[in-house]
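Each chain is listed here by its residues.
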Amino acid sequence: METLSAEKKRADNIVWTASNDYSFKPDYEIYDSRGIAELYWNYIVGAVHNYYDYSQLQGFFRQLKQDRDYVFYEGLTWIGLENCAFEKGKNERPVLKDLRWRYAEKVLRKEDGTSFYYLVDEIKRAHFQRALGKEPRMREQVAYILDDLEFDGSLSTEQILLRMNEIIDTYFPLNPVLKKRNFLKNLIPNFLNLSLVGNESERMGNALLGDSLLRFPNSGISQPSEDEVSTELRNQKNGKEVQWKGIQARGVKKQRENIQSRYGASILTEAQTRTLEKSLCTGNHKNCHLHFTRGEFDSRSLKGNGNGHRKDVLDQREINTAHYRKNLARNKNNILKLTNILKNTMLVNLDTTCYRTKAGALVAGKIWRNIYLNDQKVFIKNIRDDLGDLSVDILLDSSGSQMNRQAMIATEGYIIAESLSGCQIPVRVYSFCTNGDYTVLNLFRDYNEVTKNDRIFDFHSSGCNRDGLAIRTALRLMDHYESDHKILIVLSDCKPIDPHGLPVNAFNPDQFLYADSAGVNDVAMEVRKGRLNGTSILCVFTGLDDDLPAAKKIYGQNMARIKSLEKFADVVGVLLQNELKNL
């Protein structure tokens, strides 16, 4: 936590220095994969605030959020802003050239990570190849986009935003729902505060709607009629939509490959995954995707950055294991105590039922049945009922916000799994995180793998977390296992966040980030649905004090907060005791 806090201060200082405004509260701060503040990009964020009207840019980004792919458009915009901010500042700050050169080399070495938008990555790499004085190899369509996107330092804020809208409308037609809302038409007054009337409005609208679509040579030929212009515009527009759909299809394929290279090969076939996505990625999670893995890499997935990620996992496993062993006596005591609590709870709370049997305590009033009806069951015996079949799933939140608690969460998950295994209760353990459009579920051990609890120490945090989709998916997977009673235990900081937000539709006309109240409400709804369908859902809260109200809203009283690992078995034991009594 201290490291993150120090890097946060460092990022703030870089941004403030570049912006010349210590009251500026940036919307963006950039860190590398190690959590280190990125010097060059944080400078660019501050420089953009310094050189341009930042309130207009914020208005532009707010309007973009009406589209589900706003993160894509936002990424493109920042490539353009980087170019013009650099051009403005390079003479004022000579060191900037060296910083940009170093960052460009990192991009080409792929050390800056991927955006999971294949086209953004392709454009970004080509852009920084140019920054290094190299001639990038790229598709013709990408070259057109990049040429238009590399804004000159002489442009004003208004000119940049008009150019950006022209790029979006020319190369990436927005979806039909937004076109019905006249997205681009409404965008100009909103973010530029312009009052456009008459011919001026028409002129500005034509410029915004893609003058580059109508490139007629100046050859003395009479200009085409309005109908011919409309036909030409429509044909070129349709052609660009086809091109964009082709780019999108390649992008989806590339995203899946990126996910597999980062998190491991899928344990399901593509057909199985698509079937699950069709039923689960709906409503608030429309257009999302799922990836199921064991964190194992085949030759195909290792072609990407799988080796690097696998090394990170192995390094973190060593840290997790060392943390467990450092407190071995305490942890073993927790396992023993929690096991005994569970066993005693199951034993004490079993109901006793009286059965008529052929042996036991004789019931005098039933002897006549033996004499006249030859009924030998004239005895009674008290027999304890069992709980029936019980299974438990443990879902670990492995998002980036858990980075400083990885070893602790791995230990807690291991203690619970070992205790349940000691009671011969089938248990399955997996983690979840979200990267790009994909929610990744990493299976550590399945119900029948009683000797594989140590794989939980492979726990490694990264990415964001779309908790609602993860819980919905976990509940669906639990449906496939036959047991009378099912319990889902979620170890989470109850801080859902996914920049891809909630989908736009008639009931949700504005784009909301999947975070704060919108995210919490979605998770709470999935938990309620699961409980109504008969699954017990419990939470072991791993977060900060600020997120405790969200945890209570999602899980109610079925939540345990661990203040000290010395009391872990007692606190979790009470949580499970109460649930077992209600089965």
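Basis of the calculations
- Residues numbered from 1 in each chain as written.
- Predicted model: local features only at pLDDT ≥ 70, side-chain atom pairs only at ≥ 80, totals over all residues.
- Heavy atoms only, no water.
- Phe/Tyr/Trp six-rings, centres within 6.5 Å; stacked < 30°, edge-to-face > 60°.
- Helix = DSSP H or I, 4+ residues; strand = E, 2+ residues; numbered from the N terminus.
- Buried < 20%, exposed > 50% of the residue type's maximum accessible area, 1.4 Å probe, protein only.
- Lys NZ or Arg CZ within 6 Å of the ring centre and 35° of its normal.
- Core = buried A, V, L, I, M, F, W, Y, C linked by side-chain atoms within 4.5 Å.
- Contact = heavy atoms within 4.5 Å.
- Pairing = 2+ DSSP bridges.
- Right-handed = clockwise from strand over helix to strand, strands pointing away.
- Axes fitted to C-alpha atoms, helices over the stretch in contact; angles between N-to-C directions.
- Parallel < 35°, antiparallel > 145°, perpendicular 65-115°, else oblique.
- Left-handed = near helix turned anticlockwise from the far one by under 90°.
- Nonpolar A, V, L, I, M, F, W, Y, C, P; charged D, E, K, R; others polar.
- Salt bridge = Lys/Arg side-chain N within 4 Å of Asp/Glu carboxyl O.
- Patch = residues over 30% accessible without salt bridge, like charges linked within 9 Å, V, L, I, M, F, W, Y side chains within 5 Å.
- Areas by Shrake-Rupley, 256 points an atom, 1.4 Å probe, with all protein chains shown as cover.

As for the packing of aromatic side chains
Step number 1: Considering all chains together, one arrives at 13 aromatic pairs under this definition.
Step number 2: Ring centres of F24 and Y54 lie 5.1 Å apart, and the angle between their planes is 80°; this geometry places the pair in the edge-to-face category. Placement of the pair is F24 in the loop between α1 (2-19) and α2 (39-51) and Y54 in helix α3 (residues 54-64), with a sequence separation of 30 residues.
Step number 3: Residue F24 is classed as buried on the basis of its relative accessible area, which comes to 6%.
Step number 4: In this structure Y54 comes out as buried when scored by relative accessible area, which is 6%.
Step number 5: A cation over an aromatic ring shows up here: R100 above the ring of F86, its NZ or CZ 4.0 Å from the ring centre.
Step number 6: One Lys or Arg, R466, reaches over the ring of Y514 and ends 4.4 Å from the middle of that ring.

Structural notes on unusual backbone geometry
Step number 1: In this model, N374 sits at a positive phi of 55°, which is unusual for a non-glycine residue.
Step number 2: By the secondary structure assignment, N374 is in the loop between α16 (367-373) and β4 (379-384).
Step number 3: Positive phi outside glycine occurs at D516, with the angle close to 50°.
Step number 4: Positionally, D516 belongs in helix α19 (residues 516-532).

Observations concerning the nonpolar core
Step number 1: Grouped together as the largest cluster of nonpolar side chains are 52 residues, with contacts concentrated most on V48, W78, I123 and F172.
Step number 2: Listed by contribution, the elements that provide at least two residues to this core are α1, α2, α3, α4 (70-89), α5 (95-108), α6 (118-131), α7 (140-149) and α8 (157-171).
Step number 3: For this core, the leading source of residues is α4, giving 10 residues.
Step number 4: Sequence-distant contacts of V48, defined by excluding residues within four places in its chain, comprise Y54, L57, W78, L81 and A85.
Step number 5: Residues A410, L491, I562 and L580 belong to the second largest nonpolar core, which totals 38 residues.

What about the pairing of strand β11 (residues 536-541)?
Step number 1: Burial within β11 is extensive, with six of its six residues counted as buried.
Step number 2: Across the two faces of β11 the burial is the same, with S536, L538 and V540 and I537, C539 and F541 all buried.
Step number 3: Where strand β8 (residues 485-492) meets β11, six bridges bridge the pair, whose relative direction is parallel. Following the sheet pairing, L488 is matched in β11 by I537.
Step number 4: Traced from β11 through helix α20 (residues 548-555) to strand β12 (residues 559-561), the parallel crossover comes out right-handed.

Brief notes about the packing of α4 against α5
The description of two helices packed together rests on the angle between their axes and the distance between the axes.
Step number 1: The geometry of α4 relative to α5 is characterised by a closest axis approach of 9 Å and an angle of 150° between their N-to-C directions. On the basis of their axis angle, the class for α4 and α5 is roughly antiparallel. For the pair α4 and α5, the crossing hand works out as left-handed. Contacts between α4 and α5 involve E82, N83, F86 and G89 on the former and, on the latter, L96, K97 and R100.
Step number 2: Partitioning the contact of α4 with α5 into residue classes produces two nonpolar, two polar and three charged.

Regarding the packing of α3 against α4
Step number 1: At a minimum axis distance of 9 Å, the contact between α3 and α4 shows a crossing angle of 150°. Considering their axes alone, α3 and α4 lie roughly antiparallel with respect to each other. In contact with Y54, L57, F60, F61 and L64 of α3, α4 contributes Y70, Y73, E74, T77, W78 and L81.
Step number 2: For the contact of α3 with α4, a count of residues per class yields nine nonpolar, one polar and one charged.

Description of the sheet that holds strand β1 (residues 289-293)
Step number 1: Across the sheet, which stays open at both edges, the seven strands sit in the order β1-β7-β6-β5-β8-β11-β12 with mixed pairing between neighbours. Strands at the two margins of the open sheet, each flanked by one partner only, are β1 and β12. Neighbouring strand axes in the sheet, compared pairwise and without regard to direction, differ in orientation by 20° on average.
Step number 2: In terms of strand pairing, strand β5 (residues 390-397) meets strand β6 (residues 427-435) through six bridges, oriented parallel. Its bridge partner lying in β6, V392 is registered against V427.
Step number 3: Against the sheet, helix α17 (residues 406-422) engages β5, β6, β7 (438-445), β8 and β11, with an angle of about 175° to β5.

Quick word on the pattern of salt bridges
Close approach of charged atoms allows side chains of opposite charge to pair.
Step number 1: Taken as a whole and assessed by the stated rule, the structure comprises 24 salt bridges.
Step number 2: Note that D393 is salt-bridged to R428, the shortest N-O span being 3.0 Å. One end of the pair, D393, is in strand β5; the other, R428, is in strand β6, with 35 residues separating them in the sequence. The exposure classification of D393 matches that of R428, with both residues buried.
Step number 3: For D547, the salt bridge goes to K495, with nearest N and O atoms at 3.5 Å.

Comments concerning a nonpolar patch on the surface
Step number 1: A contiguous nonpolar patch, built from L362, I367, W368, I371, Y372 and L373 and spanning about 680 Å² of accessible area, is present on the exposed surface.
Step number 2: Counting residues per element, the nonpolar patch draws most heavily on α16, at five residues.
Step number 3: Its location among the elements puts L373 in helix α16.
Step number 4: For L373, a relative accessible area of 48% corresponds to the partly exposed category.

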